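# Architecture at a glance
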Amino acid sequence: MKIGIIGAGGIGQLYARLWSARGHDVMLSSRNPDKIIDAAAAVGAKTGTAATAAAFGDVVVLAVNYWTVDQAIDAITPHVEGKLIIDTTNPLQYNANGGVERVIAEDELAAAIMTAKLPAARIAKAFTTLWTGHVEKHSDVDAPTTAMPYAVDDDVDRQTIAGLIGDAGLVPVDLGTLAQSRLLDPPSPIWNVVLSADELRARASKSARRNG
Ligand SMILES: NC(=O)c1ccc[n+]([C@@H]2O[C@H](COP(=O)([O-])OP(=O)(O)OC[C@H]3O[C@@H](n4cnc5c(N)ncnc54)[C@H](OP(=O)(O)O)[C@@H]3O)[C@@H](O)[C@H]2O)c1
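Read on for a plain summary of the structure. (Residues numbered from 1 in each chain as written. Predicted model: local features only at pLDDT ≥ 70, side-chain atom pairs only at ≥ 80, totals over all residues. Heavy atoms only, no water.)

This part covers unusual backbone geometry. Across the chain, the bulk of peptide bonds are trans and the bulk of non-glycine residues have phi less than zero. Omega for the bond connecting Pro186 with Pro187 falls within 30 degrees of zero, at -10°, which places this linkage in the cis form. Structurally, Pro187 is set in the loop between β10 (171–174) and α8 (197–210). Phi is positive for Phe127, close to 65°, though the residue is something other than glycine. Locating Phe127 in the fold gives a position in the loop between β8 (122–126) and α6 (132–138). Classification of Phe127 as buried rests on a relative accessible area of 1%. Of note, the phi angle at Asn192 is positive, near 55°, even though the residue is not glycine. Inspection of the secondary structure puts Asn192 in the loop between β10 and α8. Using a relative accessible area of 33% as the deciding quantity, one classes Asn192 as partly exposed. (Helix = DSSP H or I, 4+ residues; strand = E, 2+ residues; numbered from the N terminus. Buried < 20%, exposed > 50% of the residue type's maximum accessible area, 1.4 Å probe, protein only.)

Dropping the structure here:
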C-alpha cells in the first residue's frame, strides 16, 4: 500500500520503518523535505512535502503536532478527497511548566474536530495512545501482544487500519465509530499504557459503564 505520512518526527519515522519493513511504499514529509532525506532513507521511506505525500498516499497518516495541524491540513486538503486519513494527533500543547495540556474542551472529540477540518476525506483515529518508545519495545509482527486501539466509521477502512496495526507488530482493538473515540483522546484510562487486547477491552468496558 502507498502510505503518505504527514510529519517525519517520532511517530512518522517509527511507523515508516515498521510499514516499510512489511513491504509498504512509504513517503515521509516535512516542511523542509531536504532535511529529512537521511532520516527517511534510514527507515526505507521516500521524502516529500506534505502536499506530495498526501497526493502519493492511498492512505494518508497525519502525524504532526497539534499546534501545526492547521498548516498541514491547508497543504494536504487539495489532495485527500475521498481518501482515508489516519489521524495520530493528540490535542495537546506544552504548558509553561514543560508539561502537556489538552487544548480542546472536555466534552469535545478530537475526531469530530478533525472531521470538520477535512470534510472531503474519511477520518480514522489510531496510534494516538501509545508512546513511540513503548511501540519500539513491544512491536512484534510474528507474535504481537500489545494492543493498539482505533476508531473509524467505514467497515472497509476498519479492515485497512487493522491491517496496518498488525503490520506494525501490534494487536488491533476496534473501539467503534468516531463518535465512540473518546478513549483515544487524552486523558483516558487506556492512554499511554501498554495493555493486551483483553486488558484494553476491559478498561474500555469499565469506562463505558462508569459513563453510563
Ligand atoms: N511521540 C509519540 O510517542 C506520540 C504517540 C502518539 C501520538 N503522538 C501524536 O503524534 C503527533 C506527532 O508526534 P511526534 O512525536 O511525531 O512529533 P514530532 O516528533 O515533533 O514530529 C512532528 C513532525 O511534523 C512535521 N511537521 C510539522 N508541521 C508540518 C507540516 N505543516 N507539514 C509537514 N510536516 C510537518 C515536523 O517536521 P518539520 O518541522 O521539519 O516540518 C516533524 O517532523 C502529535 O500530534 C502527537 O501528539 C505522538
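Next comes the rest of the write-up.
If you check helix α1 (residues 10–21), its first and last C-alpha atoms are 17 Å apart, about what twelve residues at 1.5 Å a residue would give, namely 16 Å. Among all positions of α1, only Ile11, Gly12, Leu14, Tyr15, Ala16, Leu18, Trp19 and Ser20 are buried. Where the residues of α1 are buried, they touch β1 (2–6), β2 (25–29), β4 (59–62), α6, β9 (147–152) and α7 (155–167). Immediately beyond the C-terminal end of α1, within one or two residues, lies Gly23, with a positive phi of roughly 95°. (Expected span 1.5 Å × (residues − 1). Contact = heavy atoms within 4.5 Å.)

So, on to the sheet that holds β9. Reading across the sheet, the eight strands line up as β3-β2-β1-β4-β5-β8-β9-β10 and stay open at both edges, with mixed pairing between neighbours. Unpaired on one side and paired on the other, β3 (46–48) and β10 mark the two borders of the sheet. Taking the axes of each pair of neighbouring strands and ignoring which way they run, one obtains an average angle of 25° across the sheet. The sheet contacts of α1 involve β1, β2, β4 and β9, and relative to β2 the element is tilted by about 165°. Sheet strands touched by α8: β9 and β10. Its angle to β10, the strand with the most contacts, is close to 20°. (Pairing = 2+ DSSP bridges. Axes fitted to C-alpha atoms, helices over the stretch in contact; angles between N-to-C directions.)

Here we take up the pattern of salt bridges. All chains considered together, the criterion is met by nine salt bridges. The residue Asp87 makes a salt bridge to Lys125 at a minimum N-O spacing of 2.9 Å. Of this pair, Asp87 sits in strand β5 (residues 84–87) while Lys125 sits in strand β8, placing them 38 residues apart in sequence. The two residues Asp87 and Lys125 agree in class, both being buried. (Salt bridge = Lys/Arg side-chain N within 4 Å of Asp/Glu carboxyl O.)

A few words on the packing of aromatic side chains. With the rule as written, the count across this model stands at four aromatic pairs. Pairing Tyr15 with Trp19 gives two aromatic rings, centres 5.4 Å apart and planes at 35°, and the pair type is tilted. With Tyr15 and Trp19 both in helix α1 and four residues apart, this pair spans about one turn of that helix. Here the two residues Tyr15 and Trp19 agree in accessibility, since each one is buried. (Phe/Tyr/Trp six-rings, centres within 6.5 Å; stacked < 30°, edge-to-face > 60°.)

What follows concerns the site of the ligand. Around the ligand lies a shell of 23 residues, among which Ser30, Arg31, Val64, Asn65 and Thr132 are the nearest. Take Val64: an N or O atom from its main chain is 2.8 Å from an oxygen atom of the ligand. Ala72 places a polar main-chain atom, nitrogen or oxygen, 3.5 Å from a nitrogen atom of the ligand. Protein contacts shield 80% of the accessible area of the ligand, which totals 900 Å² for the unbound molecule. When contributions to the shell around the ligand are tallied by element, the ones reaching two or more residues are α1 and α4 (69–76). (Near = heavy atom within 4 Å. Polar contact = N/O pair within 3.5 Å; in protein donor to acceptor, adjacent residues only side chain to side chain. Areas by Shrake-Rupley, 256 points an atom, 1.4 Å probe, with all protein chains shown as cover.)

Attention shifts here to a positive patch on the surface. Judged by side-chain charge, Arg203, Lys206, Arg209 and Arg210 come together as a positively charged surface patch. Here Arg203 is to be found in helix α8. (Patch = residues over 30% accessible without salt bridge, like charges linked within 9 Å, V, L, I, M, F, W, Y side chains within 5 Å. Lys, Arg positive; Asp, Glu negative; His and termini not counted. Charge placed at Lys NZ, Arg CZ, Asp CG, Glu CD.)

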